[in-house]
Amino acid sequence: MDGKIKIKGHLKFYMQWPVILSILLIVMDALVFSVSVKAGTLVSIFLAAYILVVVFLYFHSKTMIMNELISFATQYGQVQKTLLNEFAVPYALLDYNGKILWMNEAFATLTGKNKRYRKAVSCVFPEIAGDKLPKQEDKEVDIRYNERDYKAVMKSVSLKKLLEESGLVEMESHSDLIALYLFDETELNQYIRQKEDEKLVTGLLYLDNYDEALDSVEEVRRSLLAALIERKLGKYFSEVDCLLKRLEKDKFILVMRQKSLEELKKKRFNILEDVKTVNIGNDMAVTISIGIGLNAPTYAQSYEYSRIAIDLALGRGGDQVVIKDKDQMTFFGGKSQQMGKNTRVKARVKAHALREFMISNDKVIVMGHKISDVDSIGAGIGIYRAAKSLNKRAHIVVNNPTMSVRPIIESFRQNADYDEHMFINSEAAREIVDNNTVVVVVDTNKPSYTECEELLHKTKTIVVLDHHRQGSEVIKNAVLSYIEPYASSTCEMVAEILQYFSDDIRIYNIEADALYSGIMIDTNNFTAKTGVRTFEAAAFLRRCGADVTRVRKMFRDDVKSYKAKAEAIRSVETYKGSFAISVCPSEGIDSPTVVASQAANELLNVDSIRASFVLTDYQNKIYISARAIDEVNVQIIMERMGGGGHINMAGAQLPGASVNEAIHLLKETLDNMIKEGDIEA
């Protein structure tokens, strides 16, 4: 002990005081000598005796003092140990690896363990695993034990630092301990959950096709249909203690507790399907859309959340529930095909609004999504013609055009009637765009998917034209947003806009070909997702000079692409008897994503295949092309994987994944959605 423990600090200084005072006595003795030698000699004799006694007592008493200090420390430690042992808060001392070294009575009573229990704390509380133990900083872990909630607070204790800071001893070795406290938070969590359950939730419920459904039944029975719908809705929501009040003929407001919302989530909002069963002879089933705002700081903000949610639900085609929880979106339903409307009033209104924005600005920049396809380029060319009819400077942003769109672009570049800078890249677009520019985004509504997202932050006038269903990521600062999920393609929407844009607009043959191509490609030669307005738009383009033969020649496959498509079809795997999964080769193919989508369309011709998924590895990403006819909603499947699209035509991108990983994720997603009832096996 003597070799390892040294007296330090105030105690050492206190024991050295007699020696220090001896120096003062020596000075006094010298002064006495200067007055009287005899007196100085006498004082020196007594001073020498004093110093001998002091030195003797210092070394003789040191051991005794240390023993007394150790005895006091032991008694003091026993007092502390007794206090800790009887401490009301469960407390335990762990070693560096989490092994229990000591526990107090409260801890032993709580866990039911003997105080000599020396196993790892994770054997008692699995939540406190090795990675949850504190190394330097304190840590807190929420645990559940015997149906009660506890907060485990762990503090790292350094023995070396503790002893050295006491100023009494030095310690050569280094060792750490962990002090573990358990605080019972069961009642607190109950109050928190109760408060959360009682939190007000507001929502909006719209009848998607109220007028159309009423028109499909004879006039004398219309009031009965409306009453039956409202009765079914009222009964359903009253069962979960939710208030439903009509705002307009086809609009309702919902007020409920969050607890009621959780019950509706467990039911997966089966009212979406139940309301379709109301039938008194109406040819068209009624569908509803619900938007709910959650966890807003104020009631007014909660209503605003619900308004944003219902707009998103309608923008995605209706027949679904959208819950907006701050920046997070949750979707339910959306399984049915969107119902197209024969009226073009909306297209006319949007066309006039777009014209006004173009007139009030000097320049127009059009851009689609990355890896542009025929629909994106065709729609861009249509907007380009609209801008040119107003004598505005216009450009289309295209980076690295693929083989699928290169024939269209080259046909314009080789035509002397068009500006050589009609198509520009992102770098040139950044130099052009300013606050006096209209940026028109076509064929996408996600900012991260656009050719140059930076352009969206360089102007205040943004227009979005798209036929894909909206997701949680949207272009938020658009002054005009025209999103119609039931439309076959963006080219169809642009063709309608051009009919109402101005009376004197002239669309040239080459432009009509581009728009017609977009419709033809996105509908797979008018066999998928076509409606009355699709054929009307095609007829308008034919009158403008679109030629089917020219379009067909423009999009013939080369030999490599044809072989790649054939290989994807040959190597198909049938999953669960109805899902076709295949991989399309990308090596040596200029547009493998286009070939993959063509292969996915071809696989739908196989009997018993309800949905097809073709994957291709391109530019360090796995692209998935998903297709279906009418039995499976591939859009909600792709949304689970971070993508989106339409009910029968969708896709997703998986950066940094391998083909095998992507296939595994796809199968896992299908399994989960079948288990949850979102799709049928």
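Procedures and definitions
- Residues numbered from 1 in each chain as written.
- Predicted model: local features only at pLDDT ≥ 70, side-chain atom pairs only at ≥ 80, totals over all residues.
- Heavy atoms only, no water.
- Helix = DSSP H or I, 4+ residues; strand = E, 2+ residues; numbered from the N terminus.
- Buried < 20%, exposed > 50% of the residue type's maximum accessible area, 1.4 Å probe, protein only.
- Areas by Shrake-Rupley, 256 points an atom, 1.4 Å probe, with all protein chains shown as cover.
- pLDDT = per-residue confidence, 0-100.
- Contact = heavy atoms within 4.5 Å.
- Core = buried A, V, L, I, M, F, W, Y, C linked by side-chain atoms within 4.5 Å.
- Arc of directions from axis to C-beta.
- Pairing = 2+ DSSP bridges.
- Axes fitted to C-alpha atoms, helices over the stretch in contact; angles between N-to-C directions.
- Phe/Tyr/Trp six-rings, centres within 6.5 Å; stacked < 30°, edge-to-face > 60°.
- Lys NZ or Arg CZ within 6 Å of the ring centre and 35° of its normal.
- Salt bridge = Lys/Arg side-chain N within 4 Å of Asp/Glu carboxyl O.
- Disulfide = S-S within 2.5 Å.
- Parallel < 35°, antiparallel > 145°, perpendicular 65-115°, else oblique.
- Left-handed = near helix turned anticlockwise from the far one by under 90°.
- Nonpolar A, V, L, I, M, F, W, Y, C, P; charged D, E, K, R; others polar.

## Description of the overall build of the chain
Along the backbone of the chain there are 23 helices and 23 strands. Overall, the C-alpha framework of the chain stretches about 140 × 65 × 55 Å when taken along its three principal axes. Each of the 681 residues in the chain was classed as buried or not, and the buried ones make up 46%. Roughly 35,000 Å² of accessible area belongs to the chain as shown, and the carbon and sulfur atoms make up 53% of that amount.

## Quick notes on the confidence of the model for the chain
Predicted confidence across the chain gives a mean pLDDT of 84, with 90% of residues reaching 70 or more. A low-confidence stretch, residues 1-5 stays under pLDDT 50, and its non-local contacts, those more than four residues away or across chains, total four contacts.

## Considering the nonpolar core
Counting residues in hydrophobic clusters, the biggest one holds 58 residues, and the most contacted among them are L354, M358, V364, I381, I383, V440 and L465. Sort the elements by how many residues they give to this core and helix α13 (residues 374-389) lands first, with eight residues. Not counting chain neighbours up to four residues away, the residues in contact with I383 comprise L354, M358, V364, V366, V440, V442, L465 and V494. Listed in part, the 35 residues of the second largest apolar core include C242, L254, F269 and L272.

## Thoughts on helix α9 (residues 258-266)
Considered for burial, the residues of α9 that qualify are Q258, S260, L261 and L264. Looking straight down α9, one finds that the buried residues subtend no more than 150° of arc, so they occupy a single side. Packed against the buried residues of α9 are α6 (186-197), β6 (200-207), α8 (222-238), β8 (251-257), β9 (288-294) and β10 (320-325). Immediately beyond the C-terminal end of α9, within one or two residues, lies R268, with a positive phi of roughly 55°.

## Remarks on the sheet that holds strand β14 (residues 423-424)
In spatial order, the strands read β14-β13-β12-β15-β16-β17; together these six strands make up an open sheet with parallel pairing. On the outer flanks of this sheet lie β14 and β17 (480-483), each paired with one strand and no other. The sheet contacts of helix α16 (residues 490-501) involve β15 (437-442), β16 (461-466) and β17, and relative to β16 the element is tilted by about 115°.

## Details of the sheet that holds strand β4 (residues 148-158)
Judged by pairing direction, the sheet is antiparallel, and its five strands sit side by side in the order β2-β1-β5-β4-β3 without closing on themselves. Two strands bound the open sheet, and with one partner strand each, they are β2 (100-103) and β3 (139-145). Shown here is a sheet whose adjacent strand axes are inclined to one another by a mean of 25°, direction ignored. In terms of strand pairing, β3 meets β4 through seven bridges, oriented antiparallel. Paired with Y145 across the strands is R148, a residue of β4.

## A few points about the pairing of β2
Pairing of strand β1 (residues 91-94) with β2 involves three bridges; the strand directions are antiparallel. Bridge pairing in β2 links L94 to I100. Counting the residues in the hairpin turn of β1 and β2 gives five residues, including G98, whose phi is positive at 95°.

## Thoughts on unusual backbone geometry
Trans is the common state for peptide bonds, and a negative phi is the common state for residues other than glycine. Located in the positive-phi region is R268, a residue other than glycine, with phi close to 55°. Turning to its location among the elements, R268 is positioned in the loop between α9 and α10 (271-274). Notably, K576 is not glycine yet its phi reads approximately 55°, a positive angle. Classification of K576 by relative accessible area gives partly exposed; the value is 46%.

## Concerning the packing of aromatic side chains
One pass over the full model with this rule turns up 13 aromatic pairs. Ring centres of F526 and F535 lie 5.7 Å apart, and the angle between their planes is 25°; on these two criteria the pair is classed as stacked. Since its relative accessible area comes to 19%, F526 is described here as buried. In this structure F535 comes out as partly exposed when scored by relative accessible area, which is 45%. Here the basic side chain of K324 rests over the ring of Y305, its NZ or CZ set 5.0 Å away from the ring centre. If you follow R355 out to its NZ or CZ, it ends over the ring of F501, 5.9 Å from the centre.

## Quick word on the pattern of salt bridges
Counted according to the given criterion, the structure contains 29 salt bridges. A salt bridge links E147 to R144, with the nearest nitrogen and oxygen atoms 3.5 Å apart. Since its relative accessible area comes to 63%, E147 is described here as exposed. With relative accessibility at 42%, the residue R144 sits in the partly exposed group. What you see here is one network of salt bridges that share partners, running through R144, E147, D149 and R193.

## A look at the state of the cysteines
A covalent bond between the sulfur atoms of two cysteines is what we call a disulfide. In the structure shown here, the tally under the stated rule is zero disulfides. Left without a disulfide partner, C491 is nearest to the cysteine sulfur of C544, which lies 13 Å away. For C544, a relative accessible area of 16% corresponds to the buried category.

## Here's the deal with the packing of helix α17 (residues 509-522) against helix α18 (residues 532-543)
Two numbers describe a pair of packed helices, the interaxial angle and the distance between the axes. Packing of α17 against α18 leaves a shortest axis separation of 9 Å and a crossing angle of 155°. Taken together, the axis directions place α17 and α18 in an arrangement best described as roughly antiparallel. Considering the relative orientation of α17 and α18, their crossing is left-handed. Within the contact between the two elements, α17 uses A512, L515, Y516 and I519 and α18 uses T534, A537, A538, L541 and R542. Of the residues belonging to the contact of α17 with α18, the class tally is seven nonpolar, one polar and one charged.

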